[in-house]
Amino acid sequence: MANLQELYDFYLETNPSTGKIRNATNFLIHACQAMDVSYPEDITDEMLTELPDAIDHYFRENRQKAVHDKGVLAEMIGRYGPKDGWEEVYEILLKDSDENLRQFTLQAIEFSARKDPNIALPYIEKFKNGENKLMRRVAAILTLRMICSEQKEFITAHIIRWSKEDPEFSDLVIELLEHQAHNSLNNLDYKLLCQDAYEWLTEHLKKQQT
């Protein structure tokens, strides 16, 4: 993924909504103007880490527009995964001064984690061990969404380990999972996955404690 155009092209392949495509297209225009280049393919890997600051400077009179565009970038990276040069940009967004953007950035990797759970694991570990309670909760939400997916077996093995190392975090995940199991009204398949995961995980942890 050598430049911004390639990231955009990949993003389109993930079938985002019409509104999200419009936002991503507008972001590409803003990014080119902010970086003073003619085309998004001109924003190459050695320039990628400059993007967030460039967007901030471009929208220096309107901070919310800067946050919005950086959120679009976070989602694009989240769908591809923070890899191949994009991990440094992702880390910058995770440290942004805007709290909502930081939370959204962490949640954004749910998409790529469905295919490769190892992408999300170091970030979950980092924030579950951090002092920021909101980011810790987002890490728990990301964990439960992985449980209610094809990555159930992978992530439950880590939850079982965490139940010994960090029972407070695993309890938070289970609490959120229980809520999903009983309240996912719009997607029956997802609700059933959550119910199955909740029953299996709570039963396994009970056996572990006896």
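One can find the structure itself at the top, above this paragraph.
Residues numbered from 1 in each chain as written. Predicted model: local features only at pLDDT ≥ 70, side-chain atom pairs only at ≥ 80, totals over all residues. Heavy atoms only, no water.

The next point concerns the state of the cysteines. Tallied over the entire structure, the rule returns one disulfide. Bridging Cys-148 to Cys-194, the disulfide has an S-S length of 2.3 Å. Taking the torsion about the S-S bond as the criterion, the Cys-148 to Cys-194 disulfide, at about 130°, is right-handed. Of this pair, Cys-148 sits in the loop between helix H9 (133–147) and helix H10 (152–165) while Cys-194 sits in helix H12 (residues 188–209); the two residues are 46 residues apart in sequence, bridging distant segments of the chain. Considered together, Cys-148 and Cys-194 belong to a single accessibility category, that of buried residues. (Disulfide = S-S within 2.5 Å. Helix = DSSP H or I, 4+ residues; strand = E, 2+ residues; numbered from the N terminus. Buried < 20%, exposed > 50% of the residue type's maximum accessible area, 1.4 Å probe, protein only.)

Moving on, we come to the packing of aromatic side chains. Applying the stated rule across the entire model yields four aromatic pairs. Centre to centre, the rings of Phe-10 and Tyr-80 are 5.0 Å apart; their planes meet at 85°, and the pair counts as edge-to-face. Residue Phe-10 is located in helix H1 (residues 4–13), and its partner Tyr-80 is located in helix H4 (residues 63–80); the two are separated by 70 residues in the primary sequence. Both rings, one in Tyr-58 and one in Phe-59, keep their centres 4.8 Å apart while their planes meet at 80°; by these two values the pair is edge-to-face. When the ring centre of Phe-111 is taken as origin, the NZ or CZ atom of Arg-79, which lies over that ring, is 4.9 Å away. Seen from the ring of Tyr-80, Lys-83 lies directly overhead, with NZ or CZ sitting 4.8 Å from the centre. (Phe/Tyr/Trp six-rings, centres within 6.5 Å; stacked < 30°, edge-to-face > 60°. Lys NZ or Arg CZ within 6 Å of the ring centre and 35° of its normal.)

Their axes nearest at 8 Å, the elements H4 and helix H6 (residues 99–108) cross at an angle of 15°. It follows that H4 is roughly parallel to H6 by the angle criterion. The handedness of the crossing between H4 and H6 is right-handed. The residues of H6 that touch H4, namely those facing Val-67, Lys-70, Gly-71, Ala-74, Glu-75, Gly-78 and Arg-79, are Leu-101, Phe-104, Thr-105 and Ala-108. Taken together, the residues of the contact of H4 with H6 sort by class into five nonpolar, three polar and three charged. (Axes fitted to C-alpha atoms, helices over the stretch in contact; angles between N-to-C directions. Parallel < 35°, antiparallel > 145°, perpendicular 65-115°, else oblique. Left-handed = near helix turned anticlockwise from the far one by under 90°. Contact = heavy atoms within 4.5 Å. Nonpolar A, V, L, I, M, F, W, Y, C, P; charged D, E, K, R; others polar.)

A few words on H4. For H4, which comprises 18 residues, the first-to-last C-alpha distance of 26 Å matches the rise-based estimate of 26 Å (1.5 Å per residue) to within 8%. Of the residues one or two after H4, Gly-81 is the one with positive phi, at around 110°. (Expected span 1.5 Å × (residues − 1).)

Another point: a negative patch on the surface. There is a patch of like negative charges on the surface, built from Glu-6, Asp-9, Glu-13, Glu-41 and Asp-42. If you trace the backbone, Asp-9 turns up in helix H1. Asp-9 gets classed as partly exposed once you look at its relative accessible area, which sits at 34%. (Patch = residues over 30% accessible without salt bridge, like charges linked within 9 Å, V, L, I, M, F, W, Y side chains within 5 Å. Areas by Shrake-Rupley, 256 points an atom, 1.4 Å probe, with all protein chains shown as cover. Salt bridge = Lys/Arg side-chain N within 4 Å of Asp/Glu carboxyl O. Lys, Arg positive; Asp, Glu negative; His and termini not counted. Charge placed at Lys NZ, Arg CZ, Asp CG, Glu CD.)

On the secondary structure map, Asn-3 appears in the segment before H1. Among the polar contacts made by the side chain of Asn-3, one reaches the main-chain amide nitrogen of Gln-5 at a distance of 3.0 Å. Discounting residues that sit within four places of it in the chain, Asn-3 has contacts with Pro-40, Glu-41, Ile-43, Thr-44 and Trp-86. (Polar contact = N/O pair within 3.5 Å; in protein donor to acceptor, adjacent residues only side chain to side chain.)

Within the element layout of this structure, Thr-143 appears in helix H9. A residue is classified by how much of its surface remains accessible, and Thr-143, at 0% relative accessible area, is buried. Those residues in contact with Thr-143, other than ones at most four positions away along the chain, are Ile-124, Ile-155, Ile-159, Trp-162, Phe-169 and Val-173.

Time to look at helix H11 (residues 167–183). Across its 17 residues, H11 extends 24 Å between first and last C-alpha, which sits within 8% of the 24 Å expected from 1.5 Å per residue. Buried within H11 are the following residues: Phe-169, Ser-170, Leu-172, Val-173, Ile-174, Leu-176, Leu-177 and Ala-181.

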